[in-house]
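Overview (structure and organization)
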Amino acid sequence: MSGNGLKTKNIEIPATITIRDLAHAMDASPIEVIKSLMAIGVMANINQQIDYDTAAVVAAEMGYEATMETPEADIEEDQGEIPLWRRMIANEPTSELKNRPPVVTILGHVDHGKTTLLDAIRHTNVAEGEAGGITQHIGAYQVEHNGRLITFLDTPGHAAFTAMRARGASGADIVVLVVAADDGVMPQTKEAVAHARAAKVPILVAMNKIDRPNADRDRVKQQLAEIGLIPDEWGGDTIVVPISAKQRKGLEDLLEAIVLVADNAEILANPKGKVIGTVIESERDRAKGVLATLLVQNGTLEVGDVVICGSTYGRLRNMFDYHGRHIRKAGPSTPVSVMGLSDVPQSGDLFQKVETEREAKTIIGERMLVKQQAATAQKSTLTLEQLFDRFQAGDVRELRLIVKADVQGSLEPIVNSLNDIKQGDIKINILHAETGNIGENDIMLAAASKAIVIGFNVLADSNARRLAETEGVSIRLYEIIYRLTEDIEKALKGMLEPEEKETTLGHAEVRAVFHISKLGNIAGCRVTDGEIRRNARLRILRRGEVLHEGNVTTLKHLQDDVREVKTGFDCGISTKGFDNFEVGDIIEAYIVEKVAVA
């Protein structure tokens, strides 16, 4: 049955297509397309990419016969994701594509000199070019090197980088990894590498602080090689540039290396094409209203254009470059500060130009409706089972994992065991492996990369568990290595048993401790959030450390035994095997449920 009564027509669909573009190709409302997807069990928003097979089913439902669009040239991708800028130009005429300045972000361990390097590059460029210095910080700027422009995102930190990527916009074309020559590769260095690799962005290394007396260049290169960044002088493909950001040494070499990497990557755009890009940062100024920094990635943005950014829109009244100068237009890779949006967009939101404010309002209305529909449906966690199903359907080509373990002695055999697992064409890709408990950064990386978080003899902190639930990230915890590897093997074979899902019910703070002869010590508590249930399991925390886990033995309100106690009420709690309560302890209540495979 045709969803809109059309006669059967032919339509060409690429390997992946957004809901909006599919609707436009069929001259249909995006809401109709979203409803058709919901009917086959697919929840998607208006800007979400779907594969050819799914799009073909929807097209058939709406009276179209789909055929696969033949690309003019195949884009070679070793693993999974296609970089955002390549997707942006996928439908642009090849003859119109031009080289554009590379967009660079700087990542690395705290105190290794990311901000100092950004400042050194920016001020060196200003000294050579514009007099008077920079008058306005807009979160991005451009420098010129031998007649070539380079755009720097002035937002160091892999958390910001990943937050943007989680919303569909990696933003950067190249990552400069800053490593201090006197300190070497550190935990955040490894995290930054994991984030850059997950985004499929080329990495070059700026070895900073070479002026320090205890700098050891060879040791740092060895450490880089150990995490897969083999220096080019050792026969690898990672450029390592020695610099001193503080003394401004080696900056020209670094800029030259960036240009070299950009040339190899063939970074292109169509200045005359569809205007699209990314929101870098935004704020509400009392005098000027909403100010947003936009990075144009395709097309040319002009004053007077109507743009939509996430769930806001507006006609651009003014545009400024990073010097604070008024400009009328901005081409690909140009960062601009704009005025005219109706509300503050989120960093990482994609923006695009539309023809009229009426069209913008219609699109925003559709997005808000989709958001409301999504809010009524619980966000499903991407489990190992679902990942395998998606692999069989051709949606994914690898099982992405983030591995956390208690000690290095556990981590190495786990990683080695996982890398030895093979099952047909499916591949295991360990994005990040580190010791320590599971934290919010791990969940952010998993959310952005559609990965599973595996923990061995570690805990996921409460913030991480809440974020995982919000973002639909699956966390699996193990105490025996062979159980961990066995589960992964079963997942690859599509035979994994239903997993156990932990749900936090609430927390209570111990306000007093009472001794009862028959029961021992009872914790007098106040429920600070959620609820405590009699049938729940308990976790006793003291200054963030888990002292005990067990079941609720006694739950009382005043003198009565009760089934549950909610936020704001007092209660008495005891648990078998532990009565060494102290005032200030936190009692976390949770339940563990078996989640059946659909």
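Residue positions within a chain follow its written sequence, with the count starting from 1. Per-residue local features are limited, in this predicted model, to residues with pLDDT of at least 70; the limit for side-chain atom pairs, both in listing and counting, is 80 or more; totals at the level of whole chains, interfaces and linings are taken over all residues. By convention in this description, side-chain values take in all heavy atoms of the structure and omit both hydrogens and water.

Our next topic: the sheet that holds strand β11 (residues 240-242). Spatially, β7-β8-β6-β9-β10-β11 is the arrangement adopted by the six strands of the open sheet, whose pairing is mixed. Each end of this open sheet is capped by a strand with a single partner; those strands are β7 (140-145) and β11. Ignoring strand direction, the axes of neighbouring strands in this sheet form an average angle of 30 degrees. As paired strands, strand β9 (residues 174-180) and strand β10 (residues 203-208) are joined by six bridges and run parallel to one another. What makes two strands pair is DSSP finding at least two bridges between them. Secondary structure elements are defined from DSSP: runs of H or I of at least 4 residues count as helices, runs of E of at least 2 residues count as strands, and each element is numbered from the N terminus. Throughout, an axis means a line fitted to C-alpha atoms (over the contacting stretch in the case of helices), and angles, computed between N-to-C directions, take values from 0 to 180 degrees.

Looking at where Arg542 falls in the secondary structure, it is placed in strand β27 (residues 537-542). Looking at Arg542, the relative accessible area reads 12%, which means it is buried. N or O atoms closer than or at 3.5 Å make up a polar contact, with two conditions inside protein: a donor-capable atom paired with an acceptor-capable one, and, for residues adjacent in sequence, both atoms drawn from side chains. At 2.7 Å, the side chain of Arg542 and the side chain of Asp585 are in polar contact. Here a residue-residue contact requires only that any non-hydrogen atoms of the pair lie within 4.5 Å. Dropping the residues within four chain positions of it, Arg542 is found in contact with Leu547, Phe578, Asn580, Phe581, Glu582 and Asp585. Accessible area is worked out with a 1.4 Å probe on protein chains only. A residue is then buried under 20% of its type maximum, exposed over 50%, and partly exposed in between.

With that settled, consider the pattern of salt bridges. Two side chains with opposite charge may pair up if their charged atoms get near one another. A pairing counts as a salt bridge when a side-chain nitrogen of Lys or Arg comes within 4 Å of a carboxyl oxygen of Asp or Glu. Under the criterion given, the structure shown has 26 salt bridges. Between Lys566 and Glu531 there is a salt bridge, with its nearest N and O atoms 2.7 Å apart. Of this pair, Lys566 sits in strand β30 (residues 564-566) while Glu531 is found in strand β26 (residues 520-533), placing the two residues 35 residues apart along the sequence. Lys556 is paired through a salt bridge with Asp561; the nearest N and O atoms lie 3.1 Å apart. On the basis of relative accessibility, which here comes to 27%, the residue Lys556 falls in the partly exposed class.

On to the packing of helix α13 (residues 440-449) against helix α14 (residues 462-471), then. Two elements in contact, α13 and α14, have axes whose closest approach is 8 Å; the angle formed by their N-to-C orientations is 15 degrees. Taken together, the axis directions place α13 and α14 in an arrangement best described as roughly parallel. As α13 packs across α14, the resulting crossing turns out to be right-handed. Here α13 contributes Glu440, Ile443, Met444 and Ala447 to the contact with α14, which in turn contributes Asn463, Ala464, Leu467, Ala468 and Glu471. Residue type decides the class: Asp, Glu, Lys and Arg count as charged, Ala, Val, Leu, Ile, Met, Phe, Trp, Tyr, Cys and Pro as nonpolar, and the leftover types, Gly among them, as polar. Per-class residue counts for the contact of α13 with α14 are six nonpolar, one polar and two charged. Any angle between 65 and 115 degrees counts as roughly perpendicular, while under 35 counts as roughly parallel, over 145 as roughly antiparallel, and the rest as oblique. Note on convention: the crossing is left-handed when the near helix lies turned anticlockwise from the far helix by less than a right angle, right-handed when the turn is clockwise.

Our focus in this paragraph is the nonpolar core. By convention a nonpolar core is built from buried Ala, Val, Leu, Ile, Met, Phe, Trp, Tyr and Cys residues, the set being connected through side-chain atoms within 4.5 Å. Leu117, Ile121, Phe152, Val176, Leu204, Leu254 and Ile258 are the most contacted members of the largest nonpolar core, which totals 29 residues. Of all the secondary-structure elements, those providing two or more residues to this core are β6 (103-108), α5 (114-128), β7, β8 (148-153), β9, β10 and α9 (251-265). Element by element, the count of residues in this core is highest for α9, at eight residues. With sequence-adjacent residues up to four places away left out, Ile258 is seen in contact with Pro102, Val104, Ile150, Phe152, Ile174, Val176 and Leu204. The next biggest cluster of nonpolar side chains, apart from the first, holds 21 residues, and it includes Val510, Ile540, Val552 and Leu555.

Attention now moves to unusual backbone geometry. Backbone geometry places Lys209, a non-glycine residue, at a positive phi of 65 degrees. As for its position among the elements, Lys209 is in the loop between β10 and α8 (217-226). Phi is positive for Glu266, close to 50 degrees, though the residue is something other than glycine. Here Glu266 is to be found in the loop between α9 and β12 (268-269).

Turning our attention to the environment of Asp442. Examined against the element boundaries, Asp442 turns out to sit in helix α13. Residues within four places of Asp442 in sequence aside, it is in contact with Ile402, Lys404, His432, Asn437 and Val453. Within the structure, Asp442 has its side chain in polar contact with the side chain of Lys404 (distance 2.8 Å).

On to helix α3 (residues 52-61), then. Along α3, the positions that sit buried rather than exposed are Tyr52, Thr54, Ala55, Ala56, Val58 and Ala59. Among the residues trailing α3, Gly63 stands out with phi positive, at a value near 90 degrees.

Take the sheet that holds strand β14 (residues 289-298) next. Reading around the circumference, β13-β14-β19-β17-β16-β20 is the order of the six strands in this closed barrel, with antiparallel pairing throughout. Here the strands of the sheet are splayed against their neighbours by 45 degrees on average, with no regard to which way each runs. In this sheet, strand β19 (residues 335-341) lies alongside β14 in antiparallel orientation, the contact comprising five bridges. When the sheet's bridge partners are listed, Thr293 is paired in β19 with Ser337.

What follows covers the state of the cysteines. The term disulfide refers to a covalent linkage connecting the sulfur atoms of a pair of cysteines. We call a pair of cysteine sulfur atoms a disulfide whenever their separation is within 2.5 Å. Throughout the structure, instances matching the rule amount to zero disulfides. Cys571 provides the cysteine sulfur closest to Cys525, a residue in no disulfide bond, and the two sulfurs are 5.1 Å apart. Accessibility expressed as a relative area gives 7% for Cys571, which makes it buried.

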